[in-house]
Amino acid sequence: MRYQLVLLLMYFSVATATNFKFVGISKFGTAFLSNNKVMVSGRNDDCSLGLGYTDTAKVISTPETVFADGIVDLDCGSHFCCVVKSDGTVWCWGQNTLGQLGDGGTTNACSPQQVTDTEVSSHTIDGIRCSSSMCHARKSSDGSLIVWGKTLQSATGTGSGDNNVVLSPKAV
């Protein structure tokens, strides 16, 4: 794994001649570059690359662009990623078996999908953090949080208890 990380970093730094804001490595690699571009490479398990490929056995060895610009924040969980665009909207892709994408369902998304639930879309979001199966989005108006995904030990703060799945975004 360490060798793959070094190769990915070398490729991104040479190919883009830019600095990183974020690099995530699992079976897929995600790079959020200082020019607000998002690039990925690796295995497409559960549509984790977000490039539209439905073949989950597909491997991308040369990084490809998911978003060319306009991204202000990005975080990834296990087999999924979410970004905040400069207009304050949230977009997610990848595995969704536990509601990680915040779309109210459990179907994986092979390309980025906007989180359209009114709890998110009626606010401007300025930050996002994801764990293995959960996301927290921060509203720019007051800094409060919106959460979705699988809660472990009541981590979502929604009062839904331990080990529950929050399919649609909820305010905390």
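Just above, that's the structure.
Along each chain, residues carry numbers from 1 onward, in the same order as the chain's sequence is written. Local features in this predicted model are restricted to residues whose pLDDT is 70 or higher, and side-chain atom pairs enter the listing and the counts only when it is 80 or higher, whereas totals over whole chains, interfaces and linings include all residues. Side-chain figures throughout are based on the complete set of non-hydrogen atoms in the structure, without hydrogens or water.

**Examining the overall build of the chain**
This is how the line gets drawn: Labels follow the DSSP assignment, with helices taken as runs of H or I lasting at least four residues and strands as runs of E lasting at least two, numbered in each case from the N terminus. Note on classification: 1.4 Å probe, protein chains only; a residue is buried when its accessible area is under 20% of the maximum for its type, exposed when over 50%, partly exposed between these limits. Only heavy atoms enter the contact rule, under which two residues are in contact if any of them lie within 4.5 Å. With residues, only the protein chains shown are counted as cover, and all accessible areas are computed by Shrake-Rupley using a 1.4 Å probe.
When helices and strands are tallied, the chain shows two helices and 12 strands. For the chain, the N- to C-terminal ordering of α and β elements is α-β-β-β-β-β-β-β-β-α-β-β-β-β. Within the chain, the proportion of its 172 residues that are buried is 43%. A separation of at least 24 residues holds for 40% of the contacts in the chain among residues at least 6 apart in sequence. Put simply, the chain shows about 8,000 Å² of open surface, and 49% of that area lies on carbon and sulfur atoms.

**Examining the packing of aromatic side chains**
The line we're drawing: Each pair of aromatic rings taken from Phe, Tyr and Trp, with Trp reduced to its six-membered ring, is defined by centres within 6.5 Å and is described as stacked if the planes are under 30 degrees apart, edge-to-face if over 60, and tilted in the remaining cases.
This model, assessed by the stated rule, comprises two aromatic pairs. The interplanar angle of 75° and the centroid separation of 6.5 Å between the aromatic rings of F67 and W91 together place this pair among those described as edge-to-face. A residue pair is termed long-range when its members are at least 10 positions apart, and F67 in strand β4 (residues 59–67) and W91 in strand β7 (residues 90–94) qualify at 24 residues. Measuring from ring centre to ring centre gives 6.1 Å for F67 and W93, while their planes differ by 50°; the resulting arrangement is tilted.

**Let's talk about unusual backbone geometry**
Although it is not a glycine, N36 sits at a positive phi angle of roughly 65°. For N36, the position within the fold is in the loop between β2 (28–33) and β3 (38–43). Of note in this structure, D46 is not a glycine but carries a positive phi near 55°. With respect to the helices and strands, the residue D46 is situated in the loop between β3 and β4.

**Notes on the nonpolar core**
For the record, the criterion: Throughout this description, the term nonpolar core refers to a set of buried Ala, Val, Leu, Ile, Met, Phe, Trp, Tyr and Cys residues connected via side-chain atoms within 4.5 Å.
Ranked by size, the top nonpolar core spans 16 residues in total, and within it C82, V90, C92, V120, I125, I128 and W148 carry the most contacts. Elements with a minimum of two residues in this core: β6 (80–85), β7, β9 (125–130), β10 (134–139) and β11 (145–150). Residue contacts for C82: discarding those within four places in its chain leaves D73, L74, D75, W91, C92, Q100, I128, C130, C135 and W148. Grouped together as the second largest cluster of nonpolar side chains are 14 residues, L49, I60, V66 and W93 included.

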